[in-house]
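One-letter residues, chain by chain:
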Amino acid sequence: MFFASDNSGPVPPQVLDALTRANTGHTLGYGADVLSMQVAERIRTLFEAPSAAVYLVPTGTAANSLALACLCPPYATVFCSPVAHIHEDECNAPEFYMGGAKLTLVPGEDRMTPEALRAAIEGEQNRGVHGPKRGPVSITQLTEKGNFYTLEELRALTAVAREFGLPVHLDGARFANAAVKLGATPAEMSWKSGVDICVFGGTKNGLMGVEAVVIFDSEKAQEFEYRRKRGAHLFSKHRYLAAQMDAYLEGDLWKDLAERANSRCEQLVQGLEQLGVTVLTESYANMAFVEMPRDAHRKVQAAGATYYVSGDLEGDGGELLTGRLVCDWSLEPEDVSAFLSAVREAV
């Protein structure tokens, strides 16, 4: 009954097997090996983008920060949601890699609206050299609240960015979960929707630690290479990043893992709603936020469930607290059933 994070699950055996196969003999480093080049080509094929530049980095923070640094000079600003991962959970790494560029938070909830984005953009670059220049728009898919943008919503946001000549970055840490939920291809959810640089996340979807940065504007490719090296994220033994991603792509494992996680979340949400528990997430793929009394959270966690609760578990037992439940690929239907049984006893 582990619902704390999809970062916390095990690595699929296919990925471990791929690492073992890659761990043979000698090969060139820093991405010059055959496997790394083959993986880049496979990602270009998956995204239907033959001229895209593809780079592997070990963490999502590196992927987002280095990508944004290629789109945003230090005197500009990035437009993003108030709960975007680049704002709340990356310890100012984007600002660091961008050389001090700021983030402008678009008012509203986790999903930006075109109207709010346009107003935020219009509020900048109107003070001459005394204020920041307008910079890229960063969209998180899935959002930190577990919601997804439909393709129409994505296109509406990128259309606003285009009105002002601004590039778009897609934080796709849970890209696979969103794509599976939407029934969309990677191309449809990225460059066909107006995205310039996309992160094709792997770590939250079962990989040991690798993210792919897909750059559809090839003019930014060399800059990313320099920034990745300068930022200490160019692995010498690059084949071990490539091996993970190779297994992820083989037989559409990325899609299979996301389907498993999403299915468990569907089972979870339906079960909770049948029990009368309030589900706060409006749309979901593999993450949901729920509201229960403090006493119920205490009882469920005492029964062995692990998940995050906003607020101290000590206090008034009747006070409603929000819990975050995230499903990873390895959860079995009986794990969810056990959790629902614990909730039934608690509420």
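The notes below deal with the structure included here. (Residues numbered from 1 in each chain as written. Predicted model: local features only at pLDDT ≥ 70, side-chain atom pairs only at ≥ 80, totals over all residues. Heavy atoms only, no water.)

Examining the sheet that holds strand E2 (residues 76-80)
If you trace the seven strands from one edge of the open sheet to the other, you get E1-E7-E6-E5-E4-E2-E3, paired in mixed fashion. Strands at the two margins of the open sheet, each flanked by one partner only, are strand E1 (53-57) and strand E3 (102-105). Shown here is a sheet whose adjacent strand axes are inclined to one another by a mean of 25 degrees, direction ignored. Sheet topology note: the strand E6 (residues 197-201)/strand E7 (residues 211-215) ladder contains five bridges and is antiparallel. Paired with isoleucine 197 across the strands is isoleucine 215, a residue of E7. This element, helix H2 (residues 34-46), spans E1, E6 and E7 of the sheet and lies at about 120 degrees to E1. (Pairing = 2+ DSSP bridges. Helix = DSSP H or I, 4+ residues; strand = E, 2+ residues; numbered from the N terminus. Axes fitted to C-alpha atoms, helices over the stretch in contact; angles between N-to-C directions. Contact = heavy atoms within 4.5 Å.)

Topic: the pairing of strand E11 (residues 320-326)
Burial within E11 is extensive, with five of its seven residues counted as buried. Note that strand E9 (residues 287-293) and E11 share seven bridges and pair antiparallel. Among the inter-strand pairings, valine 290 is bridged to a residue of E11, identified as glycine 323. Sheet topology note: the strand E10 (residues 308-310)/E11 ladder contains three bridges and is antiparallel. From the neighbouring strand, valine 309 faces E11, where its bridge partner is glycine 323. (Buried < 20%, exposed > 50% of the residue type's maximum accessible area, 1.4 Å probe, protein only.)

Section: the side chain of aspartate 196
Mapped onto the fold, aspartate 196 is located in the loop between helix H8 (175-182) and E6. In this structure the side chain of aspartate 196 is engaged in a polar contact, spanning 2.7 Å, whose partner is the backbone nitrogen of valine 168. If we ignore the near neighbours within four places in the chain, the residues touching aspartate 196 are Arg162, Pro167, Val168, Val214, Ile215, Phe216 and Asp217. (Polar contact = N/O pair within 3.5 Å; in protein donor to acceptor, adjacent residues only side chain to side chain.)

Some words on H8
Listed as buried for H8 are Phe175, Ala176, Asn177, Ala178 and Ala179. Buried positions along H8 lie against strand E5 (168-171), E6, helix H10 (239-249) and helix H11 (253-274).

Examining the pattern of salt bridges
Opposite charge on two side chains permits them to pair, given that their charged atoms come into close proximity. A complete count under the given rule lists 14 salt bridges for this structure. We note a salt bridge from arginine 260 to aspartate 256, for which the minimum N-O separation is 3.2 Å. Here aspartate 256 and arginine 260 lie together in helix H11, a separation of four residues that amounts to about one turn. Here aspartate 256 falls in the partly exposed class, since its relative accessible area comes to 27%. Via salt bridges that share partners, Arg42, Asp246 and Glu250 belong to a single interconnected network. (Salt bridge = Lys/Arg side-chain N within 4 Å of Asp/Glu carboxyl O.)

A closer look at the sheet that holds E10
Spatial strand order, E8-E9-E11-E10: four strands in an open sheet with antiparallel pairing. Where the open sheet ends on each side, the last strands, each with one partner, are strand E8 (278-279) and E10. Strands E8, E9 and E11 of the sheet are contacted by H11, whose axis makes an angle of about 25 degrees with E9. Relative to the sheet, helix H12 (residues 294-302) contacts E9, E10 and E11, its axis offset from that of E9 by approximately 115 degrees.

With respect to unusual backbone geometry
Looking along the chain, the bond that leaves glutamine 141 and enters leucine 142 is cis, with omega of 0 degrees. Inspection of the secondary structure assignment puts leucine 142 in the loop between strand E4 (133-140) and helix H7 (151-163). Unlike most non-glycine residues, cysteine 91 shows phi in positive territory, near 50 degrees. One can find cysteine 91 in the loop between helix H4 (85-88) and helix H5 (93-97). For alanine 232, which is not a glycine, the phi torsion comes out positive at approximately 70 degrees. Relative to the helices and strands, alanine 232 resides in the loop between helix H9 (221-230) and H10.

Notes on the nonpolar core
Counting 60 residues, the largest nonpolar core has Ile43, Phe47, Phe200 and Met245 as its most contacted members. The element that contributes the greatest number of residues to this core is H10, accounting for seven residues. Those residues in contact with methionine 245 that lie beyond four places of it in its chain are Val39, Ile43, Leu56, Phe200, Leu207, Val210, Glu211 and Ala212. (Core = buried A, V, L, I, M, F, W, Y, C linked by side-chain atoms within 4.5 Å.)

What to know about the environment of histidine 297
By the secondary structure assignment, histidine 297 is in helix H12. Judged by relative accessible area, histidine 297 falls into the buried class, the value being 0%. With 57 residues separating them along the chain, histidine 297 and tyrosine 240 place their C-alpha atoms 40 Å apart. Sequence-distant contacts of histidine 297, that is, excluding residues within four places in its chain, are made with Met292, Tyr307, Val309, Leu313, Leu321, Thr322 and Gly323.

Describing the environment of leucine 241
Mapped onto the secondary structure, leucine 241 falls in helix H10. Since its relative accessible area comes to 2%, leucine 241 is described here as buried. In this structure the C-alpha to C-alpha distance between leucine 241 and alanine 346, which are 105 residues apart in sequence, comes to 44 Å. Setting aside anything within four residues of it in sequence, one finds leucine 241 in contact with Leu56, Val57, Pro58, Gly209, Val210 and Phe235.

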